[in-house]
Amino acid sequence: MTMSERKKNPQQLRSARWFAPDDLRSFGHRSRAMQMGYAPEDWRGRPVIAILNTWSDAQPCHVHFKDRAEWVRRGILQAGGFPMELPCLSLGETFVKPTTMLYRNMLAMEAEELLRCHPVDGAVLMGGCDKTTPALIMGALSMGLPFIFVPAGPMLRGNHAGKVLGSGTDAFKYWDERRAGTISEAEWQGFEAGIARSYGHCMTMGTASTMTAITEALGLTLPGASSIPAADSNHQRMCAASGRRAVDLVWEDLTPDRIVTPASVDNAVAVAMATGCSTNAIIHLIAMARRAGLDLVLDDLDRVGRSTPVIANIRPSGATYLMEDFFYAGGLRALMSRLADRLDLSVTTVNGGTLGEAIAGAQVFDEDVIRPLSNPVYREGSLAVLRGNLAPDGAVIKPAACDPRFHVHRGPALIADDYPALKAIIEDEDHPITPDTVLVLRNAGPQGGPGMPEWGQIPMPKALLKKGHRDMMRLSDARMSGTSFGACILHVAPESFVGGPLALLRDGDMVELDVPDRRLSMAVGEDVLAHRRAAWRPPQPRYERGYGWMFSRHIEQADKGCDFDFLRTGFGRPVDEPAIY
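Thresholds applied
Residues numbered from 1 in each chain as written. Predicted model: local features only at pLDDT ≥ 70, side-chain atom pairs only at ≥ 80, totals over all residues. Heavy atoms only, no water. Helix = DSSP H or I, 4+ residues; strand = E, 2+ residues; numbered from the N terminus. Rg over C-alpha atoms; globule rule 2.2 N^0.38 Å. Buried < 20%, exposed > 50% of the residue type's maximum accessible area, 1.4 Å probe, protein only. Contact = heavy atoms within 4.5 Å. Areas by Shrake-Rupley, 256 points an atom, 1.4 Å probe, with all protein chains shown as cover. Lys, Arg positive; Asp, Glu negative; His and termini not counted. Charge placed at Lys NZ, Arg CZ, Asp CG, Glu CD. Phe/Tyr/Trp six-rings, centres within 6.5 Å; stacked < 30°, edge-to-face > 60°. Lys NZ or Arg CZ within 6 Å of the ring centre and 35° of its normal. Salt bridge = Lys/Arg side-chain N within 4 Å of Asp/Glu carboxyl O. Core = buried A, V, L, I, M, F, W, Y, C linked by side-chain atoms within 4.5 Å. Pairing = 2+ DSSP bridges. Axes fitted to C-alpha atoms, helices over the stretch in contact; angles between N-to-C directions. Expected span 1.5 Å × (residues − 1). Polar contact = N/O pair within 3.5 Å; in protein donor to acceptor, adjacent residues only side chain to side chain. Parallel < 35°, antiparallel > 145°, perpendicular 65-115°, else oblique. Left-handed = near helix turned anticlockwise from the far one by under 90°. Nonpolar A, V, L, I, M, F, W, Y, C, P; charged D, E, K, R; others polar.

Caption draft 1: Quick peek at the overall build of the protein chain. For the protein chain, the count of helices and strands is 20 helices and 14 strands. In terms of overall size, the protein chain behaves like a compact globule, its C-alpha atoms giving a radius of gyration of 24 Å where 581 residues would be expected to give roughly 25 Å. Taken over the C-alpha atoms alone, the protein chain extends approximately 80 × 55 × 45 Å along its principal axes. When the 581 residues of the protein chain are sorted by exposure, 60% land in the buried category. Once local pairs closer than 6 in sequence are excluded, the contacts in the protein chain between residues at least 24 apart make up 77%. Carbon together with sulfur atoms contributes 52% to the accessible area of the protein chain, which is approximately 22,000 Å² in total. Of note, the protein chain has its 62 positive side-chain charges centred 2 Å away from the centre of its 68 negative side-chain charges.

Right under this line is the structure:
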């Protein structure tokens with residue numbers, strides 16, 4: 001970028017507050033930078049670009065980020081910037097307990113404060129595994145500095161004994177078969193060794209692939225970045241290009257408030273629905289939009305979902321393909337080109353141009369992977385929002401990933417108040433449960449879980465598996481993995497732990513679901529509910545100290561995005577730049 005094209009001069013850089021003054025404090029900043037081997041030529045007149053890296057030894061999806069950060073660094077240096085890598089919470093989905101959702105907001109706070117307290121002008125955010133993407137973006141949006149997102153990329157297809165395996169989706173599928181006794185221990189161990197064959201996040205259209213696709217649709221990545229497999233050499237080149245672009249973002253003063261707008265959020269919702277997105281997309285997208293000062297609500301998502309068909313034939317909504325196939329078929333740019341008439345192509349992207357320019361020339365190379373609108377995988381969007389006397393503030397189901405016979409269903413409730421009680425039901429081979437039963441798990445929401453774990457993908461009971469059943473209606477205030485499937489109703493709000501109507505449900509009460517009518521209710525009279533409500537007593541708090549104590553007092557419900565109330569954009573006046581004395 002030439003000097004004449006810049007909207008800032010070096011004296012206007014935020015980092016100049018640390019490095020430029022002729023005073024004792026800036027002497028300390030410069031001398032300590034030199035302590036690390038840097039010279040004034042490294043930072044003088046150059047944008048300082050933070051690299052927020054979520055690598056760790058407990059984050060298998062990001063194990064390549066130690067290397068990829070070097071490619072980002074290369075790009076920053078190529079463009080005349082000064083890279084500053086800042087490690088942050090890695091949120092490894094498989095290892096963090098009880099759930100990474102408990103710590104999403106912690107990473108969002110960390111990202112915001114890392115950017116605020118350090119001498120940086122812009123940022124490259126490195127994430128991909130489920131909660132890292134929304135968390136990093138939430139924090140960066142609140143801070144407001146120019147940033148670009150580098151997605152981790154999906155891992156390669158799983159494989160065992162000639163079978164193509166998808167992350168999560170096939171684990172859940174074959175675990176049910178193992179519990180039903182149809183596969184051997186040796187076969188199960190083969191699946192275990194073959195389902196995750198490379199670094200990168202889940203290669204189904206789970207939460208990771210969903211959230212990186214949403215991020216690209218918002219305009220926060222380079223065009224096509226979210227579809228590149230982690231092990232593909234295009235990924236290194238994308239990382240370097242993102243580093244170069246981060247430097248130009250600073251000179252152009254292209255801040256996120258010019259990118260994340262009502263129109264770009266609408267685009268992201270439409271793209272998410274067309275991909276067959278994870279149910280978790282609803283919570284994260286609402287939280288991200290609210291950090292940008294935009295009031296996205298459940299009904300907005302349902303409205304777009306009703307008119308946007310699923311055209312990405314990717315498991316679990318699709319039957320056959322995985323993200324590697326999606327990349328070869330043209331990736332997200334190709335999918336968005338098919339939705340062009342439904343998107344606002346005039347919105348600005350992090351690349352500096354419009355979304356229309358970003359998808360110009362995109363082609364679909366396999367019409368079974370990325371379907372035409374006339375031949376969708378599912379005629380409506382991936383998700384449906386339900387309401388009724390069981391969920392006055394909403395609940396969510398993924399109709400495209402469950403047996404259609406459950407789209408309209410009525411059955412008696414069988415309730416577990418915690419996971420051990422649920423496990424006793426599902427492991428009991430002689431339990432009198434029937435295929436019409438509605439299996440309920442409660443006290444698993446934001447406060448009850450705590451942290452709203454992915455316990456909503458309730459395993460099929462052994463008693464039904466033995467009889468050949470592979471789906472049933474399941475209901476909870478928890479979440480489920482985006483890679484999972486089945487007739488699971490999730491995110492019931494308000495949650496039972498705080499006295500939501502789910503807490504008033506009793507064994508044997510009839511639960512009624514009508515997906516076309518978007519209705520979820522219990523056939524219980526209001527007088528009976530009033531009596532139960534008067535008798536209800538709140539359970540003991542999950543935490544009495546520490547982060548969990550703070551979490552419990554400030555976490556919002558699922559329909560609000562599960563952010564902390566004090567992190568809402570309208571909460572208090574904006575935070576000042578840090579004092580430097």
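Caption draft 2: View of the packing of aromatic side chains. Applying the stated criterion to the full structure yields 11 aromatic pairs. When the ring of Phe 19 is compared with that of Trp 43, the centres are 5.2 Å apart and the planes differ by 25°; the resulting orientation is stacked. In this pair, Phe 19 is assigned in helix H1 (residues 16-19) and Trp 43 in helix H3 (residues 40-43), connecting sequence segments 24 residues apart. Here Phe 19 and Trp 43 have matching classes, each one buried. Aromatic pair Phe 551 and Phe 564: ring centres 5.8 Å apart, planes at 80°, arrangement edge-to-face. Pair noted here: Phe 551 is in helix H20 (residues 546-554) and Phe 564 is in the segment after H20, with a separation of 13 residues, a long-range link. Taken as a pair, Phe 551 and Phe 564 share a single burial class, namely buried. Grouped by ring-pair contacts, the aromatic residues Tyr 103, Tyr 547, Phe 551, Phe 564 and Phe 566 constitute a single cluster. Just above the ring of Trp 18 sits the side chain of Arg 17; from NZ or CZ to the centre is 5.7 Å.

Caption draft 3: How the structure looks around the pattern of salt bridges. Under the definition given, this model contains 41 salt bridges. Lys 131 is paired through a salt bridge with Asp 130; the nearest N and O atoms lie 3.9 Å apart. Taking the shortest distance from any N to any O, the salt bridge between Arg 442 and Asp 417 comes out at 2.5 Å. In this pair, Arg 442 is assigned in the loop between strand S10 (438-441) and helix H18 (462-465) and Asp 417 in the loop between strand S9 (408-416) and helix H17 (419-426), connecting sequence segments 25 residues apart. Judged by its relative accessible area of 9%, Arg 442 falls in the buried class.

Caption draft 4: Molecular detail of the nonpolar core. Counting 110 residues, the largest nonpolar core has Leu 52, Leu 115, Leu 125, Phe 326 and Leu 335 as its most contacted members. Residues within four places of Leu 335 in sequence aside, it is in contact with Val 271, Ala 274, Thr 275, Ile 311, Ala 312, Phe 326 and Ile 370. Ranked by size, the runner-up nonpolar core spans 27 residues in total, among them Ala 384, Phe 406, Ala 487 and Ile 489.

Caption draft 5: Up close: the side chain of Ser 167. By secondary structure assignment, the location of Ser 167 is in the loop between strand S6 (163-165) and helix H7 (169-180). Non-local contacts of Ser 167, meaning those with residues more than four positions away in its chain, are made with Met 155, Ile 195, Cys 202, Met 203, Thr 204 and Thr 483.

Caption draft 6: Looking closely at the sheet that holds strand S2 (residues 82-87). Taken together, the 4 strands give an open sheet; going across it, the order is S2-S1-S3-S4, and neighbouring strands pair in parallel fashion. Each edge of the open sheet carries a strand with a single partner, namely S2 and strand S4 (147-151). Taking the axes of each pair of neighbouring strands and ignoring which way they run, one obtains an average angle of 20° across the sheet. Of the pairings in the sheet, the one linking strand S3 (residues 122-127) to S4 comprises 5 bridges and is parallel in character.

Caption draft 7: Structural context of the environment of Arg 291. Considering the arrangement of structural elements, one finds Arg 291 in helix H12 (residues 280-291). Each C-alpha atom, one on Arg 291 and one on Met 143, is 9.7 Å from the other, the two residues being 148 residues apart in sequence. Arg 291 has contacts with Ala 108, Glu 112, Met 138, Gly 139, Leu 141, Ser 142, Asp 563, Leu 567 and Thr 569, leaving out every residue within four places of it along the chain.

Caption draft 8: Broad picture of the pairing of S10. Going residue by residue along S10, you find Val 438 and Val 440 tucked away on one face and Leu 439 and Leu 441 tucked away on the opposite face as well. The pairing of S9 with S10 spans 4 bridges and is parallel. Across the sheet, the residue bridging to Leu 414 is Leu 439, located in S10. Pairing of S10 with strand S11 (residues 474-476) involves 3 bridges; the strand directions are parallel.

Caption draft 9: View of helix H15 (residues 331-338). For H15, a buried count of 6 out of 8 residues is recorded, marking the element as mostly surrounded by other parts of the structure. All buried positions along H15 are accounted for by Gly 331, Leu 332, Ala 334, Leu 335, Met 336 and Arg 338.

Caption draft 10: Region of interest: the side chain of Lys 462. Checked against the element boundaries, Lys 462 lands in helix H18. In this structure Lys 462 comes out as buried when scored by relative accessible area, which is 17%. What Lys 462 contacts, discounting residues up to four positions off in sequence, is Arg 179, Ile 426, Glu 427 and Glu 429.

Caption draft 11: The arrangement of helix H2 (residues 24-35) in detail. End to end, H2 covers 16 Å across 12 residues, agreeing with the expected 16 Å (1.5 Å per residue, within 8%). Its side-chain oxygen at 3.4 Å from the backbone nitrogen of Arg 25, Asp 23 defines the N-terminal cap of H2.

Caption draft 12: Examining unusual backbone geometry more closely. Omega for the bond connecting Arg 315 with Pro 316 falls within 30 degrees of zero, at 10°, which places this linkage in the cis form. With respect to the helices and strands, the residue Pro 316 is situated in the loop between helix H13 (298-307) and helix H14 (323-328). Residue Pro 450 is bonded to the preceding Gly 449 through a cis peptide linkage, with omega at -5°. As for its position among the elements, Pro 450 is in the loop between S10 and H18. At Leu 91, a residue that is not glycine, the phi angle is positive and equals roughly 50°. Structurally, Leu 91 can be placed in the loop between S2 and helix H5 (104-117). Residue class for Leu 91 comes out buried when judged on its relative accessible area of 3%. Positive phi, close to 50°, is recorded for Ala 161, a residue that is not glycine. As for its placement among the helices and strands, Ala 161 is situated in the loop between strand S5 (158-160) and S6.

Caption draft 13: Layout of the packing of helix H9 (residues 207-218) against H15. Direction vectors running N to C along H9 and H15 enclose 60°, while the axes themselves pass 11 Å from each other. In this view, H9 runs oblique relative to H15, as classed from their interaxial angle. Considering only the axes of H9 and H15, their crossing is right-handed. On H15, the residues touching Ala 213, Glu 216 and Ala 217 of H9 are Leu 332, Arg 333 and Met 336. Grouping the amino acids of the contact of H9 with H15 by side-chain chemistry returns 4 nonpolar, no polar and 2 charged.

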